[in-house]
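# An overview of the molecular structure
Okay, here's what each chain looks like letter by letter:
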Amino acid sequence: MSSNINGKQYWRSLDELADSPKFHEWLHREFPENASEMLDGGSRRTMLKLMAASFGLAGLTACRRPVERILPNSLGVEDYIPGKSMFYATAYTQNGFASGLLVECHDGRPTKIEGNPKHPYSLGAASALAQGSLLNLYDPDRAKHVMEGARKATWEEFFKAAKQKLDATGGGAGVRILTESSTSPSLAALKKQVMTKYPQAKWVEYESLNRDEIVGGAQLAFGQPLETHYHFDKAAVVVALDSDFLGIDEPTILPTKQFSKRRRILESSGEMNRLYAAESAYTITGAMADHRLRARTADIGLLASALAKEVGVGGELKVLQGNQPAYAKWVTAVAKDLKAHAGKSIVVAGPKQPAAVHALIHAINKQLGNFGETVTFTKLESSEPHVSGLKTLANEMAGSQVRVLLIIGGNPAYTAPTDLDFGANMKRVDFSAYLGEEVNETAASANWALPKTHFLEAWGDARAMDGTATVMQPMIEPLYEGKPAIEVLALLADLKDKRPYDIVHNYWTEQWSAADRERKWRKALHEGTVEGTAYAEVKPASVAAAPALPAAPEGMEVVFRPSASLYDGRFANNPWLQETPDPITKLVWDNAAMVSPATAKSLNVVNGDVLTIQASGREVSTPVMIQPGHAENSVTVALGYGRTRCGHVGTGVGHNVGVIRTSTAFWYAIGAKVTKTSDSYALVTTQEHFSMEGRPLVLEAGLEEYKKHPEFVKGEGEHQELFSLFEEHKYDKGNQWGMVIDLNTCIGCNACLVACIAENNIPVVGKAGVAKGREMHWIRLDRYYVGNSEDPQLVTQPINCQQCESAPCESVCPVAATIHSPEGLNDMAYNRCIGTRYCANNCPYKVRRFNFLDYHKDLQESTKMVHNPNVTVRMRGVMEKCNYCVQRIQETKIAAHADGRRPIRDGEVLTACQQTCPADAIVFGNILDPNSEVAKRKKQDTHYALLAELNTKPRTTFSAKLRNPNPELA
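Residues numbered from 1 in each chain as written. Predicted model: local features only at pLDDT ≥ 70, side-chain atom pairs only at ≥ 80, totals over all residues. Heavy atoms only, no water.

### Brief notes about the overall build of the protein
In terms of regular secondary structure, the protein is built from 30 helices and 39 strands. Counting all 970 residues of the protein, 60% fall into the buried class. Long-range contacts, defined as pairs at least 24 residues apart, comprise 76% of the intrachain contacts of the protein with a sequence gap of at least 6. In the form shown here, the protein has an accessible surface area of approximately 39000 Å², with 52% of it arising from carbon and sulfur atoms. (Helix = DSSP H or I, 4+ residues; strand = E, 2+ residues; numbered from the N terminus. Buried < 20%, exposed > 50% of the residue type's maximum accessible area, 1.4 Å probe, protein only. Contact = heavy atoms within 4.5 Å. Areas by Shrake-Rupley, 256 points an atom, 1.4 Å probe, with all protein chains shown as cover.)

### Quick notes on the side chain of Ser184
Here Ser184 shows up in the loop between β8 (175-179) and α6 (185-197). What makes Ser184 buried here is its relative accessible area of 9%. Residue contacts for Ser184: discarding those within four places in its chain leaves Asp461 and Ala462.

### Describing the pairing of strand β20 (residues 469-472)
Residues in a regular strand project their side chains so that they alternate between the two faces of the sheet. Side-chain alternation along β20 places Ala469 and Val471 on one buried face and Thr470 and Met472 on a second face that is also buried. As judged from the four bridges shared by strand β19 (residues 460-463) and β20, these two strands associate in the antiparallel manner. From the neighbouring strand, Gly460 faces β20, where its bridge partner is Met472. (Pairing = 2+ DSSP bridges.)

### A word on the sheet that holds strand β16 (residues 404-408)
With mixed pairing, the seven strands of this open sheet are ordered in space as β7-β6-β18-β17-β16-β8-β9. Unpaired on one side and paired on the other, β7 (151-152) and β9 (202-205) mark the two borders of the sheet. Where β8 lies against β16, five bridges are found, and the strand directions are parallel. Each bridged residue has a counterpart across the sheet, and for Thr179 the counterpart in β16 is Ile408.

### Overview of unusual backbone geometry
The backbone of Lys846 sits at a positive phi, close to 55 degrees, despite the residue not being glycine. Note on placement: Lys846 falls in the loop between α26 (838-842) and β34 (849-850). For Lys846, a relative accessible area of 27% corresponds to the partly exposed category. The phi torsion at Asp920 lies on the positive side, around 55 degrees, for a residue other than glycine.

### Observations regarding the environment of Ala130
The residue Ala130 is located in helix α4 (residues 128-137) in this model. Sequence-wise, Ala130 and Tyr92 are 38 residues apart; in three dimensions their C-alpha atoms are separated by 6.3 Å. Leave out the neighbours within four places in its chain, and Ala130 touches Tyr92, Leu101 and Ile113.

### Remarks on the pairing of strand β29 (residues 737-742)
With six of its six residues buried, β29 lies for the most part within the structure. As judged from the four bridges shared by β29 and strand β38 (residues 956-959), these two strands associate in the parallel manner. What sits directly across from Val740, in β38, is Thr957.

### Observations concerning the pattern of salt bridges
What the rule picks out here adds up to 41 salt bridges. A salt bridge links Asp609 to Lys676; the shortest N-O distance between them is 3.9 Å. With a gap of 67 residues between them, Asp609 in strand β23 (residues 609-615) and Lys676 in strand β27 (residues 673-680) connect regions that are remote in the sequence. By relative accessible area, which is 13% here, Asp609 ends up buried. One continuous salt-bridge network, built from bridges that share partners, spans Glu180, Glu207, Asp568 and Arg570. (Salt bridge = Lys/Arg side-chain N within 4 Å of Asp/Glu carboxyl O.)

### Things to note about the packing of aromatic side chains
All chains considered together, the criterion is met by 25 aromatic pairs. When the centroid spacing of 5.9 Å and the interplanar angle of 85 degrees are considered together, the rings of Tyr501 and Trp521 count as edge-to-face. Highlighted residues: Tyr501 in helix α18 (residues 500-509) and Trp521 in helix α19 (residues 517-527), separated in sequence by 20 residues. Taking relative accessible area as the criterion, Tyr501 reaches 26% and is therefore assigned partly exposed. (Phe/Tyr/Trp six-rings, centres within 6.5 Å; stacked < 30°, edge-to-face > 60°.)

### Topic: helix α10 (residues 300-311)
The terminal C-alpha atoms of α10, which comprises 12 residues, lie 16 Å apart, in line with the 16 Å expected from a rise of 1.5 Å per residue. Buried residues dominate α10, accounting for 10 of its 12 residues. Among the residues of α10, those classed as buried are Ile300, Gly301, Leu302, Leu303, Ala304, Ser305, Ala306, Leu307, Ala308 and Val311. Of the residues one or two after α10, Gly312 is the one with positive phi, at around 105 degrees. (Expected span 1.5 Å × (residues − 1).)

### With respect to the layout of surface pockets
Roughly 1400 Å³ of internal volume is contained in the largest pocket. Around the largest pocket sit 40 residues that line it, and Tyr88, Trp459, Gln473, Pro474 and Leu525 are the ones nearest its centre. The set of elements that each furnish at least two residues to the lining of the largest pocket consists of β3 (86-94), β4 (97-106), α18 and α19. The element contributing the most residues to the lining of the largest pocket is α19, with six residues. Grouping the amino acids of the lining of the largest pocket by side-chain chemistry returns 21 nonpolar, seven polar and 12 charged. (1 Å grid on protein atoms, 1.4 Å probe; cavity = no way out; pocket = protein on both sides within 12 Å on 5 of 7 lines; lining within 4 Å. Points joined across faces, edges and corners; volume = space filled by probe spheres on them. Nonpolar A, V, L, I, M, F, W, Y, C, P; charged D, E, K, R; others polar.)

### Description of the nonpolar core
Ranked by size, the top nonpolar core spans 150 residues in total, and within it Phe422 and Ile613 carry the most contacts. Ala289, Leu303, Trp330 and Leu338 belong to the second-largest nonpolar core, a separate cluster that totals 57 residues. (Core = buried A, V, L, I, M, F, W, Y, C linked by side-chain atoms within 4.5 Å.)

### A word on the packing of α6 against α18
Where α6 contacts α18, the axes come no closer than 9 Å and their chain directions differ by 95 degrees. Relative to α18, the element α6 lies roughly perpendicular. Together, Pro185, Ser186 and Ala189 of α6 and Ile503, Val504, Tyr507 and Trp508 of α18 make up the contact between the two elements. Residues that form the contact of α6 with α18 fall into these classes: six nonpolar, one polar and no charged. (Axes fitted to C-alpha atoms, helices over the stretch in contact; angles between N-to-C directions. Parallel < 35°, antiparallel > 145°, perpendicular 65-115°, else oblique.)

### Focus: the packing of α10 against helix α12 (residues 355-367)
Axis separation between α10 and α12 bottoms out at 10 Å; the angle between their running directions is 20 degrees. It follows from the interaxial angle that α10 and α12 lie roughly parallel. Crossing hand, α10 versus α12: left-handed. Contacts between α10 and α12 involve Gly301, Ala304, Ser305, Leu307, Ala308 and Val311 from the former and Val357, Leu360, Ile361, Ile364 and Gln367 from the latter. When the residues that make up the contact of α10 with α12 are grouped by side-chain class, the tally is eight nonpolar, three polar and no charged. (Left-handed = near helix turned anticlockwise from the far one by under 90°.)

### Details of the state of the cysteines
Disulfides are covalent bonds that connect the sulfur atoms of two cysteines. Under the counting rule described, the total for this entry stands at zero disulfides. No disulfide involves Cys813; its sulfur sits 6.4 Å from the nearest other cysteine sulfur, which is in Cys839. (Disulfide = S-S within 2.5 Å.)

### Observations concerning the confidence of the model for the protein
Looking at the protein, the pLDDT average stands at 86 and 88% of residues meet or exceed 70. Segment residues 30-68: pLDDT under 50, and 28 contacts once partners within four positions in sequence are set aside and those in other chains are kept. (pLDDT = per-residue confidence, 0-100.)

### Brief notes about the sheet that holds strand β36 (residues 922-926)
Spatially, four strands are ordered β36-β29-β38-β37 in an open sheet, and the strand pairing comes out mixed. Among the strands making up the open sheet, the edge pair consists of β36 and β37 (943-944). In this structure, β37 lies alongside β38, joined through two bridges in antiparallel fashion. Looking across to β38, one finds that Tyr944 is bridged to Phe958.

Set out below in structure tokens:
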């Protein structure tokens, strides 16, 4: 455990807290058993000899290469400069809502996804899932061909067979079209044309992680479906009731952008917002909270009801009973704080809460005067309930009422509630077709499996939550035989426009005057937004009386939540995201049943023991993971795992807990029975990897404490200058690069980690490799607990190469593979490194990674297309680590030189992690420039260097974590 100057004890895991032998075994062995594949009886000297010999032989055999002829372009391509990357605007959709993207392309292939600074819901940032979606494009297991059962067919054959079936229905009787959530204006227009041609057909939408309850709450409160917009940048107090608005519950990163503005104390005139969270299991939002209350998901309604009564909402509201004193104290203090900040507060509930709770939340915000200030509304395009609509469809299929079924996207055979038996009912349909990107469980149940284009391969459009539209343009020709949904529908209905470009282009240009069409179209493509498409604000006239919420029954609950890495399973075949550690548990390549330490004790289980969970008349077996801060009498399970058909990466990974998820217990089930089995299962987490052995790492304080003692980050010895035995580096090139990471705004969302993977061609090592401590990520997000094991606080600290001025790695390298650049970078010469690992042993921050194996050796050719050509793909036997994206630095310098500019402007170079960070927690630049943002951050009171007492003089430094606690709950 480590402690800071305030005496707080920080720990990563329960084993560390207990100081167990298991923790010490891991801690004092740099690489666990079998960490190095060596010849039987071989020594390290022998291995190095063999490596040297193999390199020599490789050089001899490489002298002769087959002769290959290449030809230049016979015709020039507009705006194309060979070897120079190009950026194009498009959008990524989650739950149907668009986030604007800029996609970097090298010679016609997308290699990196970034946020579009001009899009109102990305503002230059991108989530981990949005960035990871790039790898899905190059997935070798994608659906490639039209398949009729096990037979390879053609699109012509499918359209001929489908049209015959559709014509036989007359006006579409018995025809059902099932899609995912969509806000696409051109698809909506296409839908009208299709339904006009087949008026008896039915169109159903289903999203496995839908917003039914949120939409239903607005319907209850206002008598009409409205989209609610929370403006977190205007709120001084935020109360999140089972809402991970900073994490997976939100389809965009805008709430994080807004919330972080009020978290940077020095940018908000000394004022900082206060966040309360009530939840059953730790989330990113709960980790950022100043006060967090552990509560069963089923009890959130009771908390909301009590909170409503405290702030003055009328109606038959329940009150907290005397056996819940912790709840009562929390509610009283929170209500008082909300009333003190009326008009400047927000109360928000998550999608797992029933519609009645959301209606109550609207009543609370109305009572507090938040409407029109921190809470606004716009119209909602679609309000059809997803679960009940899918249930009706399943019943119709079971009753043989469906003659033709077309499923576009999603994977309902896997994600649908298990009581609907969707996959089996599909087989009762005479003619079924599935259009999807992968050969999944739904494709296996359909008569026809059709390949769908990736969103980077096709024309399309989508709206953001406020209505702002984006035209989605292709970055690459379809790699296989895929077609987008709009083309398939247009061909089936034999509409006028059949080409995807014509469908999208004509939809938009027909709305503009002839004189403006071309200008507006080109501007929409260039900017990534269509001007004038945002919805006008709707001001509801009144709010219905707050509903009375019954108290939830006692007993064990099972809560279903999306995976932070795989979402609902659509990223199961994505190795980047499979190996991205969960933000809280640090679990990789798996899911588990999360329980509190007290619940684990009552069940007599330890991590890895297998539980049988019985709920809703069904059962599933899954390993357990003890989670500090988890509510008692509650089990949390992550969806998206246990896939049976999704390619060679994700098939069979984890456990499908969706088998106990039903249409009546869609988000949580009460009255579950949990029993221990005799089995055990190996879970792999990174939470104890690269430990710094008890050294003080995290510095944090309360806001009032900071105001009284702004020098609190200065530990003993930091007030005196430390001298080095080595000669100081001199900088005469005009740049000395440095970085500051703000722990006060960092939410630990993994966006920076995935950005670094994509930018720097970082390999995946697999579950077995991570179990041996071999993960290759150049950034790690250390997660620390502070407090007792049942109810601790949580803080995240990103750690990458600290780019030390007096770098311990440089002085011990026998071949000078790691050297100091004229601009202060700790550079790596990969072709000089011989892999002694001396530098890793001498690094106190444990940020260097060793390539044990050639992780790129067996990659499919399509997967290799994702690699950034500006970054070396490293070979086996070398060390690698963060280099401040030196390729971006050099590219910017070259561009500035071509423009006749020296020096480059502050903020012109953005590292991959900085550029994508939704919380704007990372600042990078020239620390020699006193006017640069990074230089200003390094002069702030909260600024500190990690392990400064070692005199390594790191240039990656931190701003301390501040909390804003309520004195009444201290």
